[in-house]
Amino acid sequence: MLPATSKNRFLHPNTGSWHRYMAVPALVLFSLFFLYPLSRGVWTSFTAWDGFSTPKFIGLANYKAFFQDSRALRDIQNTVLFALGSAPLLNIAGLLLALLLNRTFKARATVRSLLYLPAVISPMIMGSIWYLLLQPRRGLLAILLQQIGYEATSNWMLSGSSAMLVIVLVNVWQYAGMTMIIYLAGLQAIPIEHFEAAELEGASRGNIFRFIVLPQLTPALKINVITNIIGSLAVFDAILALTDGGPGYDTESLSIYIMRMSYGNKTGYSTAVALILFFIILVPVLFSLKFFNAKEKT
Amino acid sequence: MKKKTYLGKLSVLITMLVVVLLPLGAQGAKATQTDISYFSGRVETVEWDTQQVENFEKLNPTIKVEYEFQKDASNVIKVKLASGQVPDVTTVVTQDFIDNGLFMDLSDQPFWDRILPSVKDLCTDLKTGKQYKVATNITMGGLFYNKQIFKELGLKDAQNWKEFVANLEAVKKAYPNKTPLFLGGKDSWTLGHLIEFWAHGVAKQQLGIPGSRQAFLDNAVRWDAPNGIMENFAKALLELRDKHLINSDAITATYDNQKEAFASGEAVMINQGMWVVGDIIKLNPKMETNIGFGPFPSVVAGLKPMVLSSEDSVYAVSATTKSPDAVLTFLDYLFQPEVQKSFSETRGIPSAFVDVDANWSPIKDDATRLVNSYVNINFSTEAPSGLSVDDTGRLIQKLLHGDYASPAQFAKEYQKIWDSAYATSN
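Source: prediction; values computed, not measured.

Draft legend 1. Seen up close, the interface of chain B and chain A. Listed as interface residues are 31 residues of chain B and, on the opposing side, 30 residues of chain A. Interface area, chain B with chain A, both sides summed: about 2400 Å², of which 47% is carbon and sulfur. Looking only at chain B, the three residues that lose the most surface to chain A are Lys186(B), Thr252(B) and Arg394(B), adding up to 26% of its buried area. Linking chain B to chain A there are four salt bridges. Here Asp249(B) ties to Arg137(A) by a salt bridge, and the two come within 3.7 Å at their closest N and O atoms.

In structure tokens, the structure reads:
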């Protein structure tokens, strides 16, 4: 054994406690760009602040005001409604597309790319394009219908529910490709032997899906469900481009409300709403995580 | 020989010192350069501003202007202010910013002698009597109409609401396929301008410009008064809707649709500001000689027709600028008559400088006629800054959608959002 000289310590360092120091840069960055803004945000939510004058501490008044504001409560309803429509549809559409495209056929790669393509386009641009297509009376669809002699008298944008349905469908159209890619990756990770063994045992397609595919897709399902819940509850661009939250505030989401309150000189209040939205998203995400973790263990 | 060596060493040393010190000298020269920031939200003058900054820097090589344009400038500046970055020069000015002491007092600047007194009045802060902003132009808003159709049907500027409705009905009767008055309500600010022009205009006519500015500051106007301004305004709009004198897709059509409809002849009238003229001519150059410009009638009986004639193209200087001299040199350059002439022609709006004669728009003659014939109203710069035309436009979306039980309820709702914005600002 070599004596513990300084040269030896350099060549063979005792790295037992070094790992702690290696985490320091990451911790500094995390504190600087996450913990500090978060704590500032929490503090700001307890103030009346317009964004440029001196903030005034008002305790929980912003939170109370939120639950007394009928527009804010309707925005929660809109946001949850959108998420309830969008998240399941995205998963169903993504899974169906993944199952279809997991088979071998000509131009499979091209079809996969085409289906994924909308996901890489900005939702604002996508929303604007869809508005040009679907705009009541003046959109491409309305003009084509007129040319074949059908005058569309109803205006989907005038009713909050029909406008919301269009927003959900456009959102599903845009992001189904992304969900599909994750499911495809999950499907391709299932060993082929499992399918072969099931076929040898005479398992039906339904049973193969239920007892082989679905359990092994749990990790992909977990990622998709959680990301779709987060994305849907924080929906912003698609609504802004398609309806701008209108008519009135009938399709406004909580994210848009936060932006408008902030720009309406209510920075303190909008920060409080942002924290409320954080918890609105956190609850279903934690619930889903718990559910899927339990599934994975079994 | 020894002396020679010594001299040689000395010359090498001097050469080295010169080589080392030269860049330092250059750095010293660089240190005299002054950087100023110029923040603008005017989309239509981005090229013009860029060009002028370039010209200014050529004339003033020691001053560097960092020009920044933001489409959503009124909101972006709030983010800048929140992080303590007040631009040296900005085109975004609100009463709140003035109240918070963000801007420099420009009252003693020599350029005021060249600016129209009415514009100087509109630039004067009512609370202090000082000028913290300077406007270089005037903008106007009113009803743009298809001259040819108006002439053909023998229509003239409506002097009251009844005549206005009669004009629209005459258009509807003669041209059932055309839209008498086109609204682009998906872009809710266009509807918000209806309140700004037609409703706030009534208060401004009733109280006078200084009186209404003070009343707005003091929250002294009762918008929800029974049979008051807002109730009459709502009744008027509902009358247009019920008589099919506005487009059936008034809530879902966009500002672009509005311009296209007017340019193509589908729409006979639109309520807009002068900024729309250039786009209409771009869409249909034949419209250059066919755009008429008229006043809007009062929605409350017994008052005169009005035209918006307000200060435009505003500049303010940061109260904490580190380079006030450089900033004022930049403003002096921008305010030169030939520079302002080109600005006026680029924006298509008249100059507020008395020594600038520009060919700013094909509606120049109509605009002069309107200013001289009708009641001039200003923009509601003293309204609470948290109350945007976007918010007020949404109330009209709901009104046209039939969400309010009565015009009185609409008036109450308007009062509510006004009061809420006022409470936030004060």
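Once the structure has been displayed, the description carries forward.
Draft legend 2. Quick peek at the packing of helix H4 (residues 61-68) of chain A against helix H5 (residues 70-101) of chain A. Residue and element names in this part refer to chain A. Where H4 contacts H5, the axes come no closer than 5 Å and their chain directions differ by 70 degrees. In terms of orientation, H4 and H5 fall into the roughly perpendicular class. Together, Phe66, Phe67 and Gln68 of H4 and Ser70, Ala72, Leu73 and Ile76 of H5 make up the contact between the two elements. Each residue belonging to the contact of H4 with H5 can be placed in one class, and the counts come to five nonpolar, two polar and no charged.

Draft legend 3. Spatial organisation of the pairing of strand E6 (residues 267-273) of chain B. Residue and element names in this part refer to chain B. Burial of E6 is extensive: seven of the seven residues sit out of reach of the surface. Where strand E4 (residues 134-146) and E6 come together, five bridges link them in antiparallel fashion. Its bridge partner being in E6, Phe144 is matched across the sheet by Ile270. One ladder, built from three bridges, connects strand E5 (residues 179-182) with E6; its direction is parallel. Opposite Phe182, over in E6, you have Ile270 as the bridge partner.

Draft legend 4. Quick peek at a nonpolar patch on the surface. Residues and elements named next belong to chain A. Together, Leu114, Leu117, Val120, Ile121, Met124, Ile125 and Ile129 give the surface a local cluster of nonpolar side chains, amounting to about 600 Å² of exposed area. Mapped onto the nonpolar patch, the elements with two or more residues apiece are helix H6 (108-120) and helix H7 (123-134). On the accessibility criterion, Ile129 (40% relative accessible area) is partly exposed.

Draft legend 5. Here's a closer look at the confidence of the model for chain A. On average, residues of chain A score 90 in pLDDT, and 95% of them are at 70 or above. Averaged pLDDT values for the elements of chain A fall to 60 in helix H1 (residues 6-11) of chain A and rise to 96 in H4(A).

The rules behind each value
The written sequence of each chain sets the order in which its residues are numbered from 1. Here chains are named by letter from A upward and ligands by number from 1 upward, in the order in which they appear as written. The model is predicted, so local features are restricted to residues of pLDDT at least 70 and side-chain atom pairs to those at 80 or more, both for listing and for counting; the totals for chains, interfaces and linings are taken over all residues. Just so you know, side-chain values use all the structure's heavy atoms and leave hydrogens and water out. Contacts are residue-level and defined by heavy atoms, with any inter-residue pair within 4.5 Å sufficient. Accessible area that two parts lose when put together, with a 1.4 Å probe and added across both, is what the buried area reports. Salt bridge criterion: a side-chain nitrogen from Lys or Arg within 4 Å of a carboxyl oxygen from Asp or Glu. A fitted line through C-alpha atoms serves as each axis, taken over the contacting stretch for helices, and the angle formed by two N-to-C directions is quoted from 0 to 180°. A helix here means a DSSP run of H or I that spans at least four residues, while a strand means a run of E at least two residues long, and both kinds are numbered starting from the N terminus. Roughly parallel covers angles under 35 degrees, roughly antiparallel covers those over 145, roughly perpendicular covers 65 to 115, and oblique covers all other angles. Each residue is assigned to one class: nonpolar for Ala, Val, Leu, Ile, Met, Phe, Trp, Tyr, Cys and Pro, charged for Asp, Glu, Lys and Arg, and polar for all the others, Gly among them. To sort residues, take the accessible area from a 1.4 Å probe on protein chains only and compare it with the maximum for the residue type: under 20% means buried, over 50% means exposed, and anything in between is partly exposed. Only strands joined by at least two bridges in the DSSP assignment are considered to pair. Candidates for patches are residues over 30% relative accessible area with no salt bridge; among them, like charges are joined within 9 Å and nonpolar side chains (Val, Leu, Ile, Met, Phe, Trp, Tyr) within 5 Å. Using a 1.4 Å probe, the Shrake-Rupley method yields the accessible areas, and only the shown protein chains count as cover for residues. The predictor's confidence in any single residue is recorded as pLDDT, a number from 0 to 100.

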